[in-house]
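Summary of structural features
Listed below are the residues making up each chain.
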Amino acid sequence: MSNTPYLHHQHAHCESGVTSNLLAHEGISISEPMAFGIGAGLFFAHLPMLKVSGVPGTTYRIWPGAIFKRVAQRLNVTIHAEKFSNPDKAMQALDAVLATGKPVGILGSVFYLPYLPEAFRFHFNAHNLVAYGKQDGEYLISDPIMEDVTRIAPADLVKSRFAKGVPEPRGYMYYITGTSKDIDMAKAIEQGIKQTCFFMLGPPLPWFGNKAIFTLANRISDYPKKLPPRKAALYLGNVVRMQEEIGTGGAGFRYIYAAFLQEAGQLLKRDDLIAFSERLTAIGDDWRHFAYSAARILKARQSDIVSYDELSELLRKCGTQEKELFQEMRKLKW
Amino acid sequence: MNVNEVPQDPRNIKPGDTLKKLVYAVDKDGKYTGVNSAGWEAENVAIKQAWDDIDEHLAETEAQVRAGTLSPIPYFMQKNLMDLALLARYAGKWQWQVKRHFKPGVFNKLSAAMLEKYAQIFNITTAQLTGFGKNNS
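How each quantity is defined
- Residues numbered from 1 in each chain as written.
- Chains lettered and ligands numbered in written order.
- Predicted model: local features only at pLDDT ≥ 70, side-chain atom pairs only at ≥ 80, totals over all residues.
- Helix = DSSP H or I, 4+ residues; strand = E, 2+ residues; numbered from the N terminus.
- Contact = placed C-beta atoms within 7 Å.
- Rg over C-alpha atoms; globule rule 2.2 N^0.38 Å.
- Buried ≥ 20, exposed ≤ 12 C-beta atoms within 10 Å, placed from the backbone.
- Axes fitted to C-alpha atoms, helices over the stretch in contact; angles between N-to-C directions.
- Parallel < 35°, antiparallel > 145°, perpendicular 65-115°, else oblique.
- Left-handed = near helix turned anticlockwise from the far one by under 90°.
- Nonpolar A, V, L, I, M, F, W, Y, C, P; charged D, E, K, R; others polar.
- Pairing = 2+ DSSP bridges.
- Domains from an automatic or database assignment.
- Expected span 1.5 Å × (residues − 1).

This paragraph deals with the overall build of chain A. On a plain count of helices and strands, chain A comes out with eleven helices and eight strands. Viewed in the frame of its principal axes, chain A has a C-alpha envelope of about 60 × 45 × 30 Å. In chain A, once contacts between residues fewer than 6 apart in sequence are set aside, the share between residues at least 24 apart is 69%.

Turning our attention to the overall build of chain B. Along the backbone of chain B there are seven helices and two strands. Listing every helix and strand of chain B by position from the N terminus yields β-β-α-α-α-α-α-α-α. The C-alpha radius of gyration computed for chain B amounts to 21 Å, which surpasses the reference 14 Å derived for 137 residues by more than 25%, pointing to a less compact arrangement than a globule. Dimensions of chain B, computed from the C-alpha atoms along their principal axes, are close to 70 × 30 × 25 Å. Buried positions account for 31% of the 137 residues belonging to chain B. Within chain B, counting contacts between residues at least 6 apart in sequence, those at least 24 apart form 50% of the total.

On to the interface of chain A and chain B, then. Across the boundary between the two partners, chain A contributes 41 residues, which contact 30 residues of chain B. Listed by contribution, the elements that provide at least two residues to the side of chain A that touches chain B are helix H8 (229-244), helix H9 (254-268) and helix H10 (271-300) of chain A. Considering every element that reaches the side of chain A that touches chain B, the biggest residue donor is H10 of chain A, with nine residues.

This next bit is on the packing of H9 of chain A against H10 of chain A. Residues and elements named next belong to chain A. In the contact formed by H9 and H10, the axes pass within 8 Å of each other and the chain directions differ by 165 degrees. Between H9 and H10, the interaxial angle falls into the category roughly antiparallel. For H9 against H10, the interelement crossing comes out left-handed. Judged by residue contacts, Arg254, Tyr255, Tyr257, Ala258, Leu261, Gln262, Ala264, Gly265 and Leu268 of H9 engage Asp271, Leu273, Ile274, Phe276, Ser277, Leu280, Thr281, Ile283, Gly284 and Trp287 from H10. Broken down by class, the residue content of the contact of H9 with H10 amounts to twelve nonpolar, five polar and two charged.

A few words on the sheet that holds strand E3 (residues 78-82) of chain A. Residue and element names in this part refer to chain A. If you trace the six strands from one edge of the open sheet to the other, you get E3-E8-E4-E5-E6-E7, paired in antiparallel fashion. Only two strands of the sheet have a single partner each, and these edge strands are E3 and strand E7 (150-152). In this sheet, neighbouring strand axes are inclined to one another by 35 degrees on average, regardless of whether the strands run parallel or antiparallel. Summarising the sheet, E3 and strand E8 (residues 173-178) pair through five bridges and their orientation is antiparallel. Pairing of Ile79 across the sheet is with Ile176, part of E8. In this fold helix H5 (residues 154-161) packs onto strand E4 (104-108), strand E6 (138-142) and E7, with an angle of close to 65 degrees to the strand it touches most, E4.

In this structure, Leu205 of chain A sits in the loop between helix H6 (185-201) and helix H7 (210-226). Residues Leu205 of chain A and Glu190 of chain A, 15 residues apart in the sequence, show an inter-C-alpha distance of 25 Å.

Let us look at the domain arrangement of chain B. For an interface, size is often stated in terms of accessible area lost upon the parts coming together. For chain B, the assigned domains are domain 1 (3-39) and domain 2 (52-131). If you average the C-alpha positions of domain 1 of chain B and of domain 2 of chain B, the two centres end up 39 Å apart.

When cut into domains, chain A gives domain 1 (14-30 + 78-178) and domain 2 (185-330). Averaged C-alpha coordinates put domain 1 of chain A and domain 2 of chain A at centres separated by 29 Å.

Let us now look at the pairing of strand E2 (residues 32-37) of chain B. All names here are of chain B. Relative to E2, strand E1 (residues 21-26) runs antiparallel, the two being bridged by six bridges. Paired with Tyr24 across the two strands is Gly34, which belongs to E2. Hairpin connection of E1 to E2: five residues between the antiparallel strands, including Gly30 at a positive phi of 80 degrees.

The omega torsion of the bond from Val166 of chain A to Pro167 of chain A falls at -15 degrees, within 30 degrees of zero and hence cis. Even without a glycine there, the phi angle at Leu81 of chain B is positive, about 60 degrees.

Time to look at H6 of chain A. Because the α-helix completes a turn every 3.6 residues, residues three or four places apart line up on one side. Between its first and last C-alpha, H6 of chain A extends 24 Å over 17 residues, near the 24 Å set by a 1.5 Å rise per residue. Inspection of H6 of chain A places Ala188, Ile189, Gly192, Ile193, Gln195, Thr196, Cys197, Phe199 and Met200 of chain A among the buried residues, and these make up the whole buried set.

See the structure below:
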């Protein structure tokens, strides 16, 4: 089928990066921020009851797999996505697609990817990467967060694809089967923005969307009262990591999304989108300020109540500004 | 964040880590662009904290294994960054069953097949598993 060599581009975030790279291979050139925005990747959730390694779960993005699927749907691209119960079958299926020259998106755990720096290798099971060939018994890997392509032994890739825990990737893989010349970018952008507004403002539960930012703010001000200092610091540190560790492009995906709004505004010649972008950039700076302040508490290794209350206030400020932003964006005329 | 504000604070948490991730920042014309970053102090503090916590727990557990109050299972569980729930999933056991294997008395009577299974999960040999905490290993 496709005889064009696969080209690796480094991106900030794994799934939008994979999406951008796979589409580029099919001749559809969209940037990572564009993929992230059309795929409505921006989100927020805080789930105190869902503990990951004993720490409450916080996320700044939508669940894995959603971005790729939505972008494909909105750009008239047909895809194949599949899960497996059997590791051997999953590897055979991967080999069969690679043999046709098609790069394949793979979901896996970072813990079993030896090429990643050890500092990042926790049991995080929702990492996306591309396999684009097989050579000398090893898989050729394009991991979008890496500067360059790399390789992995089959035994490691199997472990990564069939990691256990939450969520379980179960060998999930996906690839593009067909593209169309008929791509309506304006429509795709509109759908992406509307969906993000809906997910941010819509959920009636306090753990999802914009409301969850305030839920987290309330919890954080309670940490020093309700938790031993070590635990309070660990909980807080986890929030900072989810926001700033590899893959978010800075400020918990807020900068990527602002980049998307800017690019969309230029493409569609809409100053209102560019104005929203500038506002979100400023909000992103506030998120960074929150992370910076949280890190100062972590470093001081003390949990005096005043600092946690201040942090909580910084979060509330981000939450309030984002609420206003998405409420106005929801009213955009298309 | 402006391009010239993108932090370049090396992580220095684990050896051989040179990855420069991509972040998005605004250039002097107000245009968004991708910039490589060696790391950011705030993020590095949080990552280091997570590793320090693991190392502290690991040292405590190792002492208990050497003192004979715990089996090597919880040590290697923590070394592999797992919790009880995750290890139980990998072992195909209930959590209470895995927890029983934390007891040295129960551990010493484990079947060769079960030990082999644990060794595989931890990516070590059975000898490394059973020998841990004895003498100099």
